[in-house]
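Structural characterization, general
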Amino acid sequence: MANGSIDLSAACAHLTGRAENREAITALDLWEAEDWRDALLDVPLDERAYGDRFGIDRAVEVDDLWAWWSAPETDERIQHATTGYLGFFLLTLIAMHRSDRMRYHGEAYETGEIAGRPADEICGELVRHPHVRAAIERLYAPAEGDDEAEVWDSIEFATMDFHRQGTTSIIITVDSKAPKAGWATHYALKCLIYPYLRIQPIVEATRGYKREFGGDERPEESPLVTVWASHDSWVLMEFVKGVTLTDHLRGIAEKRKEPKSAILRPVDIGQLRVLGTALLDAMAVLAAKVGHHNDLTPSNIIVQAEHPNAVKLKLIDLGVNFLHTRTLVGAESRESVYIAPEVKATGKGGDLADLYSVGMVLIAIGGIPHSAPGTVPDQFYVASVGLARLLEDLVDADPEQRLAVSDIDPGRGRFTEIRDLFVCEIEVLEAADKEQPKTRVERLKHLLPGAGIVKRQREIWKVRRRQLKAVDRTTHPTRAHHLRQARGLKRWAVACALLSWMTLALVLTWWSRDLDFFWQAKWIEYANGLLNRTGSQSIPFLDDIRADDYVIPAAWDNLPVRLIALAYAIPGLRLYMNIFADMTPHSAIRRRGWKGARTGAASFMMRASAVYPTVYILLPTLVQKQWWVIFSPIGIITVATMISACLWFAHDANARARAWNGGKGLSTVPKGEITTLQRLASWQPAAWLYALPVVIIGIFLYNDRLQDELMYAIAIGLINIGIWTFKNTGSDAPYVRAGLTRAILAAERLDVLEQRAAKRNAPKPRADEPVQAAEAVA
């Protein structure tokens with residue numbers, strides 16, 4: 001029927017009152033199913049083409065037809081069967097309209113409305129209508145003798161209901177008349193939107209879906225959906241109850257409180273533990289049974305929540321999306337961020353493409369908005385170096401560079417290994433989060449070094465120690481190195497917490513002695529007894545090393561050294577614990593030349609920041625109070641040197657990452673300015689400018705050329721507490737930590753890739769060389 005769609009539009013114009021054409025509706029009643037197929041196939045897919053051919057906007061046509069369909073009284077001008085076909089035509093127009101809105105305008109699925117009502121409600125009313133059900137049964141029926149005709153005949157179409165719409169399909173639920181042994185009784189029937197049947201690649205992919213992704217009957221606990229049959233225009237598969245991961249994550253996000261700034265958005269450890277591990281388990285099964293998904297997005301993952309701490313995931317809609325194969329045109333959808341760059345570029349998937357999608361889905365599960373393609377959001381670098389490293393290894397834009405650092409074989413068992421490594425990092429995050437301050441009072445106490453901080457670092461260290469014992473160092477040498485490295489860093493963190501706690505305790509004790517609040521502790525009495533100093537109020541050894549002109553108690557005279565000691569003790573701990581505790585610039589591959597020098601300088605200054613505050617504070621506190629005017633500028637110069645060393649390393653790492661592979665660069669290092677690292681860069685000039693007057697004034701004070709010693713101490717104290725405690729090691733700390741960690745992981749990534757490239761480009765020995773060597777031995 002050459003002009004079937006025009007005749008159909010003319011009949012709709014008459015029924016909706018736009019035009020007078022009785023002959024059109026009379027002819028419609030004479031159409032057979034084949035005539036309707038031809039007319040529906042002839043409907044233009046494009047919204048503008050629809051308007052050009054029929055002289056009416058498609059959205060207006062939908063509204064007019066729905067107004068006619070939903071009228072209180074049945075239209076007696078046409079037969080019931082024709083009414084059913086027209087209802088299906090309306091369903092088709094709605095599906096095409098929504099597909100266009102999602103593909104071209106970025107409209108979210110749930111926001112689609114028709115005549116002021118949710119589109120899914122209207123589609124549900126249409127599909128439940130008996131005449132529409134009959135039309136669907138006839139229009140999608142296979143030809144007699146077709147292999148799938150028997151399956152089609154077993155469907156109980158009276159149970160048909162609308163479930164959801166896809167880009168090119170409508171998903172309907174149906175029951176079976178008399179299910180076969182082992183078959184389900186409730187199915188999902190995925191019907192192609194009729195005009196898309198003109199596109200041969202879509203038809204071929206639909207017919208071959210069972211062959212490519214079906215397999216045998218799968219157990220209920222399997223994350224894969226059983227596909228019972230597939231035809232040119234439909235796929236019959238197991239119906240999966242639950243909600244999409246998109247909807248599930250949206251519900252969780254609505255309950256979260258917005259952070260004061262984006263960098264402070266916490267990574268959702270609980271959801272990563274539950275959903276992240278479930279996803280990796282599901283992908284391990286898929287990789288073993290099918291191979292790859294190629295369109296892994298939250299909309300293609302069904303969540304079946306048994307209770308908050310246990311879920312089952314089902315993976316649906318396998319195969320490259322038609323948008324990415326260029327079979328369909330349209331703008332990138334919201335979920336295109338989950339698709340690997342090579343799939344969008346070539347329309348072909350593969351095992352490595354799923355790695356990218358898994359990484360992006362894990363980022364979404366963590367509750368963090370995505371950053372630029374191929375990058376990991378800053379919040380993961382703040383939360384965990386190990387987790388950020390794993391995510392970088394998944395979402396690298398270059399498929400050949402994925403799993404480069406994680407020591408994981410990219411074969412079919414890759415997701416099992418990824419899960420094991422992922423769980424290791426989640427265990428560390430859980431240990432750290434368990435001891436995090438929750439209330440305002442706890443957060444205030446957390447500003448000071450104390451037993452809580454020491455306990456928290458010890459718990460994390462125990463987790464790392466247990467993980468290192470469990471890993472096979474022979475088969476996973478890189479992972480063992482990372483775990484040894486992390487365990488070593490935790491030892492430093494525990495030592496720093498203990499040193500800071502001890503330092504602050506001594507400073508406060510000496511201050512209390514100056515104020516004559518000192519109490520005689522039993523251990524001091526016993527120690528003096530052992531040293532035959534019965535009755536002495538002094539503290540053994542500590543008071544013995546104090547200079548003769550350093551008198552205690554002397555509250556006013558000793559006030560400058562006490563202020564300076566306190567002003568350095570608090571930010572000193574926070575500098576290491578909030579920024580450097582979990583990072584080291586060293587990698588498993590030794591660096592040489594200037595790269596090695598930069599690494600060594602940054603590493604030395606990072607670790608030194610755990611120790612030098614204690615040294616610079618305790619020497620003037622315990623030995624000679626006048627030394628504070630020396631150690632105060634030394635401390636500021638040390639900090640300025642530390643900043644410069646870290647920037648020297650980070651800027652070089654980022655520059656090399658951008659120049660890698662002929663300027664193609666590492667996608668994990670964003671182009672342009674890295675705002676997180678800029679926070680540290682902004683400290684550098686301020687630190688050196690601050691050091692200059694402090695050094696000059698300190699020299700004058702030490703040589704008695706200036707007398708305002710207390711005012712100088714107060715000024716330094718206010719700067720250290722106001723700027724270093726609350727800003728630099730407080731609000732700026734997450735940014736600096738993220739920027740440095742990204743540079744460290746980029747340098748580590750480059751080490752592995754450069755080593756791989758060197759091996760690949762190394763000259764191979766000539767075939768005759770082994771023979772010559774053997775002759776020489778003989």
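Residues numbered from 1 in each chain as written. Predicted model: local features only at pLDDT ≥ 70, side-chain atom pairs only at ≥ 80, totals over all residues. Heavy atoms only, no water.

On a plain count of helices and strands, the protein chain comes out with 30 helices and 10 strands. Counting across all 778 residues of the protein chain, residues that qualify as buried make up 54%. For the protein chain, the share of sequence-separated contacts (at least 6 apart) that also reach a separation of at least 24 residues comes to 70%. (Helix = DSSP H or I, 4+ residues; strand = E, 2+ residues; numbered from the N terminus. Buried < 20%, exposed > 50% of the residue type's maximum accessible area, 1.4 Å probe, protein only. Contact = heavy atoms within 4.5 Å.)

Taken together, Arg458, Arg465, Lys469 and Arg491 make up a surface patch of like positive charges. Broken down by element, the residue count for the positive patch peaks at 3 residues, all from helix H20 (residues 451–470). (Patch = residues over 30% accessible without salt bridge, like charges linked within 9 Å, V, L, I, M, F, W, Y side chains within 5 Å. Areas by Shrake-Rupley, 256 points an atom, 1.4 Å probe, with all protein chains shown as cover. Salt bridge = Lys/Arg side-chain N within 4 Å of Asp/Glu carboxyl O. Lys, Arg positive; Asp, Glu negative; His and termini not counted. Charge placed at Lys NZ, Arg CZ, Asp CG, Glu CD.)

In this model, helix H23 (residues 555–580) (26 residues) spans 36 Å end to end at C-alpha, consistent with the 38 Å of a helix rising 1.5 Å per residue. Where H23 bends most, at Val561, the angle is about 30°. With respect to burial, H23 is a largely interior element, 20 of its 26 residues being buried. (Expected span 1.5 Å × (residues − 1). Bend = angle between axes of the 7 residues up to and from the residue.)

The strands that make up a sheet pair up through hydrogen bonds in the backbone, lying either parallel or antiparallel. Strand order across the open sheet formed by 5 strands is S3-S4-S5-S7-S6, with antiparallel pairing between neighbours. With one partner strand each, in any of the chains shown, strand S3 (155–165) and strand S6 (227–230) form the two edges of the open sheet. Ignoring which end each strand starts from, the neighbouring axes of this sheet average 25° apart. Pairing between strand S4 (residues 169–176) and strand S5 (residues 186–192): 7 bridges, direction antiparallel. Paired with Ser169 across the strands is Leu192, a residue of S5. Packing against the sheet, helix H6 (residues 80–105) makes contact with S3 and S4, and its axis sits at approximately 25° to S3. (Pairing = 2+ DSSP bridges. Axes fitted to C-alpha atoms, helices over the stretch in contact; angles between N-to-C directions.)

Next up on the list: the nonpolar core. Within the largest apolar cluster, 79 residues are counted, with the highest numbers of intra-cluster contacts made by Ile579, Phe580, Ile643, Leu680 and Leu740. Secondary-structure elements contributing two or more residues to this core are helix H21 (477–514), H23, helix H24 (593–608), helix H25 (612–623), helix H26 (628–659), helix H27 (675–702), helix H28 (709–731) and helix H29 (733–761). It is H26 that contributes the most residues to this core, 15 residues altogether. Not counting residues within four places of it along the chain, the set of residues in contact with Leu740 comprises Ile579, Phe580, Met583, Cys646, Ala650, Leu677 and Leu680. In this structure, Ala282, Val303, Tyr735 and Leu745 belong to the second largest nonpolar core, which totals 74 residues. (Core = buried A, V, L, I, M, F, W, Y, C linked by side-chain atoms within 4.5 Å.)

Taken together, 3 strands build an open sheet; the order of strands is S8-S9-S10 and the sheet is antiparallel. The sheet terminates laterally at strand S8 (243–244) and strand S10 (310–315), the two strands that pair on one side only. Two elements, strand S9 (residues 301–307) and S10, share 6 bridges in a ladder whose sense is antiparallel. Of the residues in S10, the one forming a bridge with Val303 is Leu313. Strands in contact with helix H13 (residues 269–289) are S9 and S10; relative to S10, the strand with the most contacts, it is inclined by about 40°.

This next bit is on H26. The end-to-end C-alpha distance of H26, which contains 32 residues, comes to 46 Å, matching closely the 46 Å that a straight helix rising 1.5 Å per residue would cover. With 23 of 32 residues buried, H26 is to be regarded as a mostly interior element. With its phi angle positive at about 60°, Asn661 sits one or two positions after the end of H26.

Tallied over the entire structure, the rule returns 16 aromatic pairs. With a centroid separation of 6.2 Å and 90° between ring planes, the pair formed by Phe88 and Tyr194 is classed as edge-to-face. Residue Phe88 is located in helix H6, and its partner Tyr194 is located in the loop between S5 and helix H10 (200–207); the two are separated by 106 residues in the primary sequence. We note that Phe88, like Tyr194, is buried. Among the aromatic residues, those joined into a cluster by ring pairs are Tyr612, Tyr616, Trp627 and Phe631. Here the basic side chain of Arg513 rests over the ring of Trp510, its NZ or CZ set 5.0 Å away from the ring centre. The aromatic ring of Tyr735 is capped on one face by Arg679, whose charged end is 3.9 Å from the ring centroid. (Phe/Tyr/Trp six-rings, centres within 6.5 Å; stacked < 30°, edge-to-face > 60°. Lys NZ or Arg CZ within 6 Å of the ring centre and 35° of its normal.)

Moving on: the pairing of S9. Sheet topology places S8 next to S9; 2 bridges connect them, and they run antiparallel. Paired with Thr244 across the bridge in S9 is Ile302. Counting the residues in the hairpin turn of S9 and S10 gives 2 residues.

A separate point is the pattern of salt bridges. Tallied over the entire structure, the rule returns 39 salt bridges. Residue Arg598 pairs with Asp652 through a salt bridge whose shortest N-O separation is 3.6 Å. Here Arg598 is found in helix H24, whereas its partner Asp652 is found in helix H26, with 54 residues between them in sequence. The exposure classification of Arg598 matches that of Asp652, with both residues buried.

We now examine the packing of H23 against H26. Look at H23 against H26: their axes get within 11 Å of each other, and the N-to-C directions meet at 15°. Taken as axis vectors, H23 and H26 run roughly parallel relative to one another. The handedness of the crossing between H23 and H26 comes out as left-handed. Where H23 abuts H26, its residues Pro560, Val561, Ile564, Tyr568, Leu575 and Phe580 lie against Trp628, Ser632, Gly635, Ile636, Met642 and Cys646. (Parallel < 35°, antiparallel > 145°, perpendicular 65-115°, else oblique. Left-handed = near helix turned anticlockwise from the far one by under 90°.)

A few words now on unusual backbone geometry. The omega torsion of the bond from Ile552 to Pro553 falls at 0°, within 30 degrees of zero and hence cis. Locating Pro553 in the fold gives a position in the loop between helix H22 (522–530) and H23. Phi at Asp317 takes a positive value of approximately 55°, unusual for a residue other than glycine. Along the chain, Asp317 turns up in the loop between S10 and helix H14 (341–346).

The next point concerns the side chain of Glu425. Position of Glu425 among the secondary structure elements: in helix H18 (residues 414–434). When residues no more than four places from it in sequence are discounted, the contact partners of Glu425 are Ser384, Gly386, Leu387 and Arg464.

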